[in-house]
Amino acid sequence: MATESNGAPAGAPAPQDAKTSSASAPAKTPAAAPAAAANPEKLTPAQLKAKAKAEKAARRAKVIETKAAVAPATPAKEAGKGKGKQDGQPPQSKQHRGSMSGRRPSIGGPLIEKEKDARSGIPECFSHVPMAKRVQLSQTHKDVDPAVMVAGQQMAAFAIKDSISRLEATLLAFKKVIESYETPKGNSLSRHLVPHVLNPQIEYLTECRPMCFAMGNAIRLLKTKINSFDINDPEDETKEELLEWIDTMINERIKLAEYLIARNAAGLIEEGEKVLTYGRHRLVEKTLLKAKEIGKTFDVTIIDDPYERGGQTLAKTLRQAGINVLYSPNLGGLRPKVAGATNVILGGEAIFANGSLNAASGTADVAMAGQNAGAKVTVLCETINFDRERVSVDALTYNEIDPERNTAECFRLLYDNTQDKYISGVVTEFESGGGNSPAQAILALLRMREDPQIA
């Protein structure tokens, strides 16, 4: 019998070699493996849900761990910023990486970090007190008018400081908004102007700097005026009436009020009197100049705000007008200076319903010292600054943090609160009673006036 070289009988099928056997055997394994694995490890829906939750938690923990590892490296990255530029590979900003995904670059992140840094030194008990801030152009609402944007930036930068100046800037900006306004089809001015046009302007101004009391009162009156129009009134006539109303508000509640207060307060200064004031207030300055203009002779002591230094400008102005001035750069030695005064004249930012005065920080010290020394303490304030609904007993409820003097070690409040018992009288634009009324009587003053814009 013939045989093959491998020893197998001739004509018989050749046996497979080792490689062929080992390759063909596992070929059946993939098909059989799922069935074999499914039987002993079949999971219930509850187990599948728990497994998915565990995987999600693991992924989240990994992300947090990665962020924690990257965070300490940030200062080193900033330190090596110049080196990256030298190698010709500048570091890619976070905003650019965000835009790669098709999303808008994140502009809130860096700004929020800056705001957190600005308020990092403020204790938690003062966390409710607002602070002015610069709003970036990229963060501004698309419906904000350029005139309002300019006014808001000036307020945030304290280029416009006192409440009446901010009120006038707001009203003038609103005039431009109304002039350029056109009512969309299917709407009426009285129903569309406030929610869709004015409210974005108001929100922007409030974001730049907290709204003062005069602005709040004027905006409330403006909204009431707009809502009083009928939906069928012609748009041109309605806009013209609104513009006239704003002009009247500026002329009567700001300019005329300023003139009347200066005239009434100047009449309260007696011949040869020694007047003391704090810092520089617009109404006090005009009152003293008016008293000099009508021929009265008196001396003035100026206790200056150690931070604002507005008293220096007031002292120069009064000396140029021929008034004898004693200037003190701060509140040091306040008691002996107040002891020689017979009339303390102060300017106010607002007066609450309970007669409390809101004014520049340091005003309360001067008012208390003057009252204790037996001097008259007279406050000058326009009625547009009266708050007939709210009361105040401290300086923590309605105040602002000075953004220019806010550090990790300390911060400064812009205003303080003077109780009505330290105020002898309030001079307003009302002519009755010589314009001098008790601080507790502001609600009676408003009712007596019977002004429909206030009542």
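- In the nomenclature of an unreviewed UniProt entry, the protein is known as Translation initiation factor eIF2B subunit delta of Podospora comata.
- Database annotation for the protein, UniProt heading Subcellular location (unreviewed entry): "Cytoplasm, Cytosol".
- Database annotation for the protein, UniProt heading Sequence similarities (unreviewed entry): "Belongs to the eIF-2B alpha/beta/delta subunits family."

Looking at the sheet that holds strand S5 (residues 350–351)
Think of a sheet as strands paired side by side through backbone hydrogen bonds, with each pair either parallel or antiparallel.
Working step 1: Taken in spatial order, the 3 strands of this open sheet run S5-S6-S10, and their pairing is antiparallel. Every interior strand has two partners, whereas the edge strands, S5 and strand S10 (415–418), have only one.
Working step 2: Contacts from helix H16 (residues 363–372) reach strand S6 (357–360) and S10 within the one sheet, and its direction differs from that of S10 by about 30 degrees.

Some words on the packing of helix H9 (residues 163–179) against helix H10 (residues 189–208)
Working step 1: With their axes 11 Å apart at the nearest point, H9 and H10 run at an angle of 150 degrees to one another. Judged by the twist between their axes, the crossing of H9 over H10 is right-handed. Within the contact between the two elements, H9 uses Thr 170, Phe 174 and Val 177 and H10 uses Val 197, Leu 198, Gln 201, Ile 202 and Leu 205.

Examining the pattern of salt bridges
Working step 1: By the definition in use, this model includes 19 salt bridges.
Working step 2: One salt bridge connects Lys 161 with Glu 308, and the closest N-O pair in it is separated by 3.0 Å. With Lys 161 in the loop between helix H8 (146–156) and H9 and Glu 308 in the loop between strand S2 (299–303) and helix H14 (310–320), this residue pair connects regions lying 147 residues apart in the sequence.
Working step 3: For Lys 161, a relative accessible area of 42% puts it in the partly exposed group.
Working step 4: Where Arg 405 meets Glu 404, a salt bridge forms, and the shortest distance between an N and an O atom there is 3.8 Å.

Procedures and definitions
- Residues numbered from 1 in each chain as written.
- Predicted model: local features only at pLDDT ≥ 70, side-chain atom pairs only at ≥ 80, totals over all residues.
- Heavy atoms only, no water.
- UniProt positions renumbered as here; feature names shortened; annotations may be inferred.
- Pairing = 2+ DSSP bridges.
- Helix = DSSP H or I, 4+ residues; strand = E, 2+ residues; numbered from the N terminus.
- Contact = heavy atoms within 4.5 Å.
- Axes fitted to C-alpha atoms, helices over the stretch in contact; angles between N-to-C directions.
- Left-handed = near helix turned anticlockwise from the far one by under 90°.
- Salt bridge = Lys/Arg side-chain N within 4 Å of Asp/Glu carboxyl O.
- Buried < 20%, exposed > 50% of the residue type's maximum accessible area, 1.4 Å probe, protein only.

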